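Topology and contacts: notes
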Amino acid sequence: MEQLDMFRVFRIFGLCVIWYIISASNNIIGKILLNDFPYPMTVTFVQLVSTAVYTGPILKIWNVPKTAVPWSYWFKLILPLSIGKFLASVSSHISIWTVPVSYAHTVKATMPLFVVVLARLIMGEKQTFKVYLSLLPIVLGVVIASLTEIQFHVIGLIAALVATLGFSLQNIFAKKCLKETKIHYLRLLYTLAKISFLCVLPLWCFTDMRSIISVNNGIEHSSWQKAAFLLAVDGFLNFAQNLVAFSVLHMVTSLSYAVANASKRIVVIGASIMTLHNPVTAVNIVGMLVAVMGVLSYNKAKYDQNREEYRKKVLPYTKSDTQLVNLPYRNGGFHTSGYPKHAPYLNGRLTHSPSMYGNQLLQAATDANLLNHDNSLFDENGSTIRLFHG
């Protein structure tokens, strides 16, 4: 068992290293590409095509099931998600084109702020004071980085904020879509890429395609070959980054993934500064670090809030906290050799059937977003409670 746990740890660590390398390479190559080939919509266009082309075979190899999605969800969630994916991607590329990668990613650290505000406006979700307080260092860090950024550009700042807003909306509605339609995350990624491609195609034909054709005669053939090669590499890296990120998310808890994602941002910022040699000041670096540390604080505060919500839903059905660890879940209910048939307690009395208790426990954990990749959840001490079938 210990060998299996160690193997899993090394596997997650290896995937994170690969994820960081791919993400940093993707951003650096994207910046180099846009410096010589200033067509952000074309870069987005190629990334969407690459995601659709590469994901198709993966779905067949992994036997990812198809899910019948009601038509109402296509217009209510999937189509807006597709349009949002396209707009957010274009804005992100505009920001990388006009400002340094390090600064663009510092601005994107404001995503928790957008998520909290949008979740309040759209979903009516309230946060704890600790969560709201954790947003302050994020805002402070971005302000410091903006005021001290040597290559500051207003359009780059606005584009990065718009991209962050778009990605925040995607996070909220994609989570809702996955929960309500039960569609596989890779199937959703494939669907969004295809629809986004169809949305961007007419716009690309009337904008970038015309510009590219008009300047074609004035550019050397070798330059076009370099641009085509970088576009192909950028498209593949974008697909690989999505695939590895989803794989990591599927293997770890939400908090672990959020911390890994924040750490990835630090790696991308550092790698871009060292590779692209964009000038930075000491105060500028401090601002970047404060923003990223703020993201880590937000993740911890949000996790604590979700865990408390989970305990409020689950603990009324138990006699003590330790029961949450000692009741294995099999065939739709909880069973132990030392417990009566109706195992769950309420105020010291047995009240619910194992099946009913198991469903309530599982639903409470799902609502609190504490389930990890293999239908496990956590007790108040952070210990894993395994929910298994068969």
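Another point: the overall build of the chain. Helices and strands together make up the secondary structure of the chain, namely 14 helices and 6 strands. Out of the 390 residues belonging to the chain, those deemed buried represent 47%. Accessible area of the chain: about 19600 Å², with a carbon and sulfur share of 66%.

What follows covers the pattern of salt bridges. Under the criterion given, the structure shown has 5 salt bridges. Salt-bridge contacts for K226 lead to D36; the nearest nitrogen and oxygen are separated by 3.2 Å. Here D36 lies in helix α1 (residues 2–36) and K226 lies in helix α10 (residues 221–251), a separation of 190 residues in the sequence. A relative accessible area of 52% places D36 in the exposed class. Residue K300 pairs with D304 through a salt bridge whose shortest N-O separation is 2.8 Å. Within this pair, K300 and its partner D304 are both found in helix α12 (residues 282–314), separated by 4 residues, close to a single helical turn. The partly exposed category is assigned to K300, whose relative accessible area is 40%. The network of salt bridges with shared partners includes K130, K300, D304 and R307.

With that settled, the discussion passes to the packing of helix α3 (residues 71–98) against helix α4 (residues 101–108). Packing of α3 against α4 leaves a shortest axis separation of 7 Å and a crossing angle of 140°. In terms of axis orientation, α3 runs oblique to α4. Here the hand of the crossing between α3 and α4 comes out right-handed. In this structure, α3 uses S92, S95 and I96 to contact α4, whose residues at the interface are V101, A104 and K108.

A few words on α4. Buried residues dominate α4, accounting for 8 of its 8 residues. Those residues of α4 not exposed but buried are V101, S102, Y103, A104, H105, T106, V107 and K108.

Turning our eyes to something else, we now look at the nonpolar core. Among the nonpolar cores identified, the biggest contains 62 residues, and W19, F37 and V248 are the most heavily contacted of them. Discounting chain neighbours no more than four positions away, the residues touching W19 are Q241, V244, A245, V248, Y257, A260, N261 and K264.

It is worth spelling out the side chain of T42 at this point. Along the chain, T42 turns up in helix α2 (residues 40–61). Under the relative-accessibility criterion, T42 is labelled buried at 4%. Looking at T42, its side chain comes within polar contact range of the side chain of D208, at 2.8 Å. Filtering out sequence-adjacent residues up to four positions away, T42 remains in contact with F37, W204, D208, I212 and L231.

Applying the stated criterion across every chain, the model contains 11 aromatic pairs. Taking the centre distance of 6.1 Å and the plane angle of 70° together, the rings of Y103 and F152 count as edge-to-face. Residue Y103 is found in helix α4, and its partner F152 is found in the loop between α6 (129–148) and α7 (154–181); the two are separated by 49 residues along the sequence. Take F152: its relative accessible area is 37%, and that puts it in the partly exposed class. Following the ring pairs from residue to residue traces out a cluster consisting of F37, Y39 and W224. One cation-aromatic arrangement involves K76 over Y73; the distance from NZ or CZ to the ring centre is 4.6 Å.

So, on to helix α8 (residues 185–206). The α-helix advances 3.6 residues per turn, and as a result positions three or four apart in sequence lie on the same side. Under the 1.5 Å per step criterion, the end-to-end length of α8 is 32 Å for 22 residues, consistent within 8% with the ideal 32 Å. Most pronounced at V200, the bend in α8 amounts to some 35°, and the proline P202 follows within four residues.

What follows is about the environment of L165. Take L165: it is sitting in helix α7. As a C-alpha pair, L165 and L113 span 52 residues in sequence and 9.4 Å in three-dimensional space. Not counting chain neighbours up to four residues away, the residues in contact with L165 comprise F114 and L118.

Put simply, the chain has an average pLDDT of 78, and 77% of its residues get 70 or more. Element-level mean pLDDT values for the chain span from 32 in strand β6 (residues 384–386) up to 93 in α2. Per-residue pLDDT stays below 50 along residues 319–357; that stretch engages in 82 contacts with residues further than four places along the chain or on separate chains. The low-confidence segment residues 367–390, where pLDDT is below 50, has 71 contacts with residues more than four positions distant or belonging to other chains.

Here the focus is unusual backbone geometry. A positive phi angle, near 55°, is found at N63, a position not held by glycine. Within the element layout of this structure, N63 appears in the loop between α2 and α3. Residue N63 is classed as exposed on the basis of its relative accessible area of 65%. One non-glycine residue, H277, adopts positive backbone phi at about 60°.

Below, the discussion takes up the side chain of S272. By the element assignment, S272 lies in helix α11 (residues 254–276). Residue S272 is classed as buried on the basis of its relative accessible area, which comes to 0%. Those residues within four positions of S272 in sequence are excluded, and the remaining contacts are I28, V101, S102, H277 and N278.

So, about the packing of α4 against α7. When two helices pack together, their arrangement is given by the angle between their axes and by how far apart the axes lie. Contact pair α4 / α7: the axes reach a minimum separation of 9 Å and the direction vectors enclose 45°. Considering their axes alone, α4 and α7 lie oblique with respect to each other. Considering the relative orientation of α4 and α7, their crossing is right-handed. On the side of α4, the interface is formed by Y103, A104, V107 and K108, while α7 contributes L157, A160, L161 and T164.

Reading the values: the criteria
- Residues numbered from 1 in each chain as written.
- Predicted model: local features only at pLDDT ≥ 70, side-chain atom pairs only at ≥ 80, totals over all residues.
- Heavy atoms only, no water.
- Helix = DSSP H or I, 4+ residues; strand = E, 2+ residues; numbered from the N terminus.
- Buried < 20%, exposed > 50% of the residue type's maximum accessible area, 1.4 Å probe, protein only.
- Areas by Shrake-Rupley, 256 points an atom, 1.4 Å probe, with all protein chains shown as cover.
- Salt bridge = Lys/Arg side-chain N within 4 Å of Asp/Glu carboxyl O.
- Axes fitted to C-alpha atoms, helices over the stretch in contact; angles between N-to-C directions.
- Parallel < 35°, antiparallel > 145°, perpendicular 65-115°, else oblique.
- Left-handed = near helix turned anticlockwise from the far one by under 90°.
- Contact = heavy atoms within 4.5 Å.
- Core = buried A, V, L, I, M, F, W, Y, C linked by side-chain atoms within 4.5 Å.
- Polar contact = N/O pair within 3.5 Å; in protein donor to acceptor, adjacent residues only side chain to side chain.
- Phe/Tyr/Trp six-rings, centres within 6.5 Å; stacked < 30°, edge-to-face > 60°.
- Lys NZ or Arg CZ within 6 Å of the ring centre and 35° of its normal.
- Expected span 1.5 Å × (residues − 1).
- Bend = angle between axes of the 7 residues up to and from the residue.
- pLDDT = per-residue confidence, 0-100.

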